[in-house]
Each structure stands twice: as C-alpha cells, then as structure tokens.
Amino acid sequence: MRRTKRTAERRFGARAASAAAVFLAALPAGPAGAQGPPGGQPPTPVRAEPVVVAEVQEQRQITGDLRARARSNVATLEDGQVIAFPVEEGDAVNKGDMLARLDDRRLRLDLQRIEAEELVAQATVAERAAQVRRTQRDYDLLKELSEQRAGNPKELADAEADLQVAQARHEQAKRNVDVLHAQAELLRTRLEDTVITAPFDGVIVAKHTEVGQWVGAGDPLVELVSVGTFEAWLAVPQDYAEAVTKENVEVGVQVRASRRSYPPTRPRIIRQVDPVARTFYLVVRIEDEDDALAPGMSVTGRVPTGERGRHVLVPRDALMRNEAGFFVYMVSRPPASPGGSAAPPAQAAPRQVSVLFEHDEAVAVRPGPLKEGDLVVVEGNERLRPMMAITVIDTTGTETARAPGGAAPPEPRGEASRSEREGG
C-alpha cells in the first residue's frame, strides 16, 4: 500500500513539473525592450506631440480668488415686525423681487389721517379764497369812492388791511395743503419701504431674521451676492510691479475648480502694496456664462515678467518628475538593421529638462536636450520606462505644442510608482 502511494506521488510530481515548464515557455522572454524576440510583449501605444520653437514672452503664475462683483447685506429702512419672508439660502433672485415684508397697518392708518386732513385743508383754501374775493370787492368800492372824494380815508385804509390779511390767510391755507401733501407722500414712501426688494440679480447666501421677528431701521435681513459677473483678485509680488503695470499688459485667468480658462484681458490695478505679504492686486473681470462660478473659488493667472524672445516649448502633459527634476520621454527611432530586416520599434528615451516658465498649455525649457520637431510623449508616459518599445498612435504633425488656455503649474504625474517615473 505504501509503495503504491509513493509511486502515485512521483507520477504527480512529474506531471506538475511538465506543466510548469510549458507555462514558463509561454511567458514573454524578459522585459520589453527596444525589440523583443518573436512572441514578446508588443510596443506600448502612446500619443506624442512635437517640440516647437516660438517667440513668446516670459510669464509667471500668480494665484488669487474669485469675488462677487457686488455683495450686500440688504437692510430695512423701517422699524416693524416681519410678516413675510419667502426666501431661503441658495435662492436666486432678480432685481426687484420681494425679499421680506413688514407689518404696515399703523402706517396705513397714519396715511388715512393725513389724507383726511389734506381734504380739510383744501376746503379751507377754498374758504380763504372766497374771503379774498369779498375783501377785494370792498376795497375796490371804497377806492372808487375815495377817487370821487366821497369816501372816508380811514375806511379805505381798513379795507386795504383786511384785503392783505385775507390774502395772507389764503396763502397760509395753501401752504398747509402742501405740508399735508408732503406728509402723505412720506407715508406712502414708508409704506413702499416695508416691502424689501433685491437691489440686483443675485443669490441669497445668508439670512439674518425670520417671520415674527422685530427689526429696526438699518438691521440686515439677508446677505446677497451678485451673479453673472465675477472678479478675479490676483496677488502679484511687488517685484513684478514694473512689468505688469504697463499699458498693454493683459492677464489670462483659469479657475482651478473647473479647469476653465478665460482669454487675457486688461486688468484693473490696485496700487497699494500689502506691507506684510509685499503683494498688490490685479482685478480681472470674468463673465460666468454657464453659471459655473462661485465666490471664493481659487484662480490662477499668468503675468508677463520679461521680454519676448525665442524659446523651446514643450507640451505640459509631457512633463514627468523624478528626484533630479523634470524630464520628458522623447520618441527615439533606432536605425534599421542591415540586411533589409524589419525596422525596430521606436523607444521612449528620457530627457532631463529645466523648466523656465509656462506659456498657455506649454512650458518653455532651456535649449539643449530637445530641439524643434522632436516628438515627446504626452499620453501614456506614466506607463513607460527608459528605452521601452513604443508605438506612436497620434501626432499633431507641425502644429504648435498645445493650444493656448490657462495651464496649471507643472506637477508630477498621478500615482505612478517611482520606477515608472524615474528616467535618465
């Protein structure tokens, strides 16, 4: 029985060794290189773009934040109890929309009283006008008799005085009507002020009261921020003051949250330097056409800090980083083997680069490792290792490295391992 068991174990071990040999034979021979043996790992597909040389201006990146063009703590002009408050935080309102309503019953009663007094005053004016007409007739009659030497001079003088008194009292009655009319207009204005409306288009970001609460004149009801147009406030180091305060300087802005870029425009310059940070502000207006912005979002901008000149431009997506700094994978094509055999595949040749500054979605690097027309890998480079076999599936031919539009600072790629990022 034991002999049979040992025989079965030897047969099973032989079969396992045979299966392992077949499995190992089916594996690719060694790591992918410039050209593996038949049946080896195929070249890695990548996308590449050319290096260009162009005349550009040196730029530096600055940071800032978005601010609403208008922000207001909307307050009440009247004392009163809040009887309607239809808005909530986050509600969008248009200019003129009702935000709150105060109790206006006492004001309406005062207005009714004043309107009644105004009617009485108008009747008094009519009465005084009749008195003026009567005294005027008496005065005219006595004056006519006096001219005929048939009247009494004292009666004429008394009639003249009575006429002046009647005219003054008539004028007083008319002025009293004007006073009551003004008081009525004031009450109507105060009644309108009991309805608090939005002073501009915006969004409610905070509420400071509720229905039933008593508010005094000047108390804030809501905090309202404008929408549609925002301002990017960019902090600029004072060392760049001379370069960015020139008349023809334009600044492009990118919102980090949405990665959306906005075309360069002429900024407003706040000519006051912070004594602690040693920075001053550039203000760039941004139109939020897609309703995608909010106050407080982080923004970046690029300001010119040097003269224009010819520089080597590399697509930003081509940048990788290791302990030595930034590098790129250049598409290197080995020479064909003699004898008419098939040309070997391209290789990913690492080239260490020194970044000077950013320009749109490209970066300017020191000349030397790269020249105009060299292809650099912009997609798939996180999977590459030095001198790995690659195949380029898409290039942009003779176009520029990248289209303009708000690049962020160069950063290391994703979560690739150190062995995948290191090169050269």
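Data block above holds the structure.
Here's what I pulled together on the structure shown here.

Calculation notes
- Residues numbered from 1 in each chain as written.
- Predicted model: local features only at pLDDT ≥ 70, side-chain atom pairs only at ≥ 80, totals over all residues.
- Heavy atoms only, no water.
- Helix = DSSP H or I, 4+ residues; strand = E, 2+ residues; numbered from the N terminus.
- Contact = heavy atoms within 4.5 Å.
- Areas by Shrake-Rupley, 256 points an atom, 1.4 Å probe, with all protein chains shown as cover.
- Pairing = 2+ DSSP bridges.
- Phe/Tyr/Trp six-rings, centres within 6.5 Å; stacked < 30°, edge-to-face > 60°.
- Buried < 20%, exposed > 50% of the residue type's maximum accessible area, 1.4 Å probe, protein only.
- Lys NZ or Arg CZ within 6 Å of the ring centre and 35° of its normal.
- Polar contact = N/O pair within 3.5 Å; in protein donor to acceptor, adjacent residues only side chain to side chain.
- Axes fitted to C-alpha atoms, helices over the stretch in contact; angles between N-to-C directions.
- Parallel < 35°, antiparallel > 145°, perpendicular 65-115°, else oblique.
- Left-handed = near helix turned anticlockwise from the far one by under 90°.
- Nonpolar A, V, L, I, M, F, W, Y, C, P; charged D, E, K, R; others polar.
- Expected span 1.5 Å × (residues − 1).
- Core = buried A, V, L, I, M, F, W, Y, C linked by side-chain atoms within 4.5 Å.
- Salt bridge = Lys/Arg side-chain N within 4 Å of Asp/Glu carboxyl O.

## Regarding the overall build of the protein
Step number 1: Counting its regular elements, the protein contains five helices and 23 strands.
Step number 2: When contacts within the protein are restricted to residue pairs at least 6 apart in sequence, those whose partners lie at least 24 apart make up 79%.
Step number 3: A total accessible area of about 24900 Å² is found for the protein, and carbon and sulfur atoms account for 50% of it.

## Some thoughts on the sheet that holds strand S5 (residues 92-93)
Step number 1: The antiparallel open sheet is built from four strands, whose spatial order is S3-S10-S8-S5. Looking at the sheet topology across the chains shown, the edges are occupied by strand S3 (71-75) and S5.
Step number 2: For S3 and strand S10 (residues 220-226), the ladder comprises five bridges, and the chain directions are antiparallel. Opposite Asn-73, over in S10, you have Glu-223 as the bridge partner.

## Remarks on the packing of aromatic side chains
Step number 1: The full count for this structure, using the stated rule, is two aromatic pairs.
Step number 2: Relative to Tyr-281, the ring of Trp-233 has its centre 5.6 Å away and its plane inclined at 65 degrees; by these criteria the two rings are edge-to-face. Note that Trp-233 is positioned in strand S11 (residues 229-237) and Tyr-281 in strand S15 (residues 279-287), a separation of 48 residues in sequence.
Step number 3: The interplanar angle of 90 degrees and the centroid separation of 5.4 Å between the aromatic rings of Phe-327 and Tyr-329 together place this pair among those described as edge-to-face.
Step number 4: Since its relative accessible area comes to 0%, Phe-327 is described here as buried.
Step number 5: Owing to a relative accessible area of 0%, Tyr-329 belongs among the buried residues under this scheme.
Step number 6: It is Arg-321 that lies over the ring of Phe-326; its NZ or CZ is 4.7 Å from the centre.

## Remarks on the sheet that holds strand S9 (residues 214-215)
Paired through their backbone hydrogen bonds, the strands of a sheet run either parallel or antiparallel.
Step number 1: One open sheet holds the four strands; their spatial order is S7-S6-S4-S9, and the pairing between them is antiparallel. Each of the sheet's edge strands pairs with one partner strand only, and the pair in question is strand S7 (195-197) and S9.

## Considering the environment of Gly-90
Step number 1: By the element assignment, Gly-90 lies in the loop between strand S4 (80-84) and S5.
Step number 2: For the pair Gly-90 and Ala-206, spaced 116 residues apart in sequence, the C-alpha to C-alpha distance is 8.2 Å.
Step number 3: The residues touching Gly-90, leaving out its near neighbours within four places in the chain, are Val-203 and Ile-204.

## Observations regarding the side chain of Glu-49
Step number 1: The residue Glu-49 is located in strand S1 (residues 44-50) in this model.
Step number 2: For Glu-49, the side chain forms a polar contact with the side chain of Arg-47, separated by 3.0 Å.

## Considering the packing of helix H2 (residues 105-147) against helix H3 (residues 153-193)
Step number 1: Relative orientation of the contacting elements H2 and H3 amounts to 165 degrees, with a least axis distance of 7 Å. In terms of axis orientation, H2 runs roughly antiparallel to H3. Handedness of the H2/H3 crossing: left-handed.
Step number 2: Of the residues that constitute the contact of H2 with H3, the class distribution is 19 nonpolar, 12 polar and 14 charged.

## Details of H3
Step number 1: In this model H3 runs 60 Å from its N-terminal to its C-terminal C-alpha over 41 residues, within 8% of the 60 Å that 1.5 Å per residue would give.
Step number 2: Among all positions in H3, only Leu-156, Ala-159, Leu-163, Ala-166, His-170, Ala-173, Val-177, Leu-180, Ala-184, Leu-187 and Leu-191 are buried.
Step number 3: Buried positions along H3 lie against H2 and S7.
Step number 4: Among the residues of H3, the N-terminal cap falls to Asn-152, whose side-chain oxygen and the backbone nitrogen of Lys-154 are separated by 3.0 Å.

## Some details on the nonpolar core
Step number 1: Formed by 20 residues in total, the largest nonpolar core has its most connected members in Leu-66 and Leu-282.
Step number 2: When contributions to this core are tallied by element, the ones reaching two or more residues are strand S2 (52-68), S11, strand S12 (251-255), S15 and strand S16 (298-315).
Step number 3: Core analysis: the next-biggest nonpolar cluster, separate from the first, contains 16 residues, Val-74, Val-82, Ala-198 and Ile-204 among them.

## Considerations on the pairing of S1
Within a regular strand, side chains alternate between the sheet's two faces.
Step number 1: With respect to burial, S1 is a largely interior element, six of its seven residues being buried.
Step number 2: Of the strand pairs in this sheet, S1 and strand S22 (residues 375-379) are connected by four bridges, and their pairing is antiparallel. From the neighbouring strand, Ala-48 faces S22, where its bridge partner is Val-377.

## Quick look at the pattern of salt bridges
Step number 1: All chains considered together, the criterion is met by 21 salt bridges.
Step number 2: Across the salt bridge formed by Lys-174 and Glu-171, the nearest N and O atoms sit 3.5 Å from each other. Of this pair, Lys-174 and Glu-171 both sit in helix H3, three residues apart, which is roughly one turn of the helix.
Step number 3: The partner of Lys-371 in a salt bridge is Asp-374, with the nearest N and O atoms 3.3 Å apart.
Step number 4: Look at Asp-374 and you get buried, because its relative accessible area is 11%.

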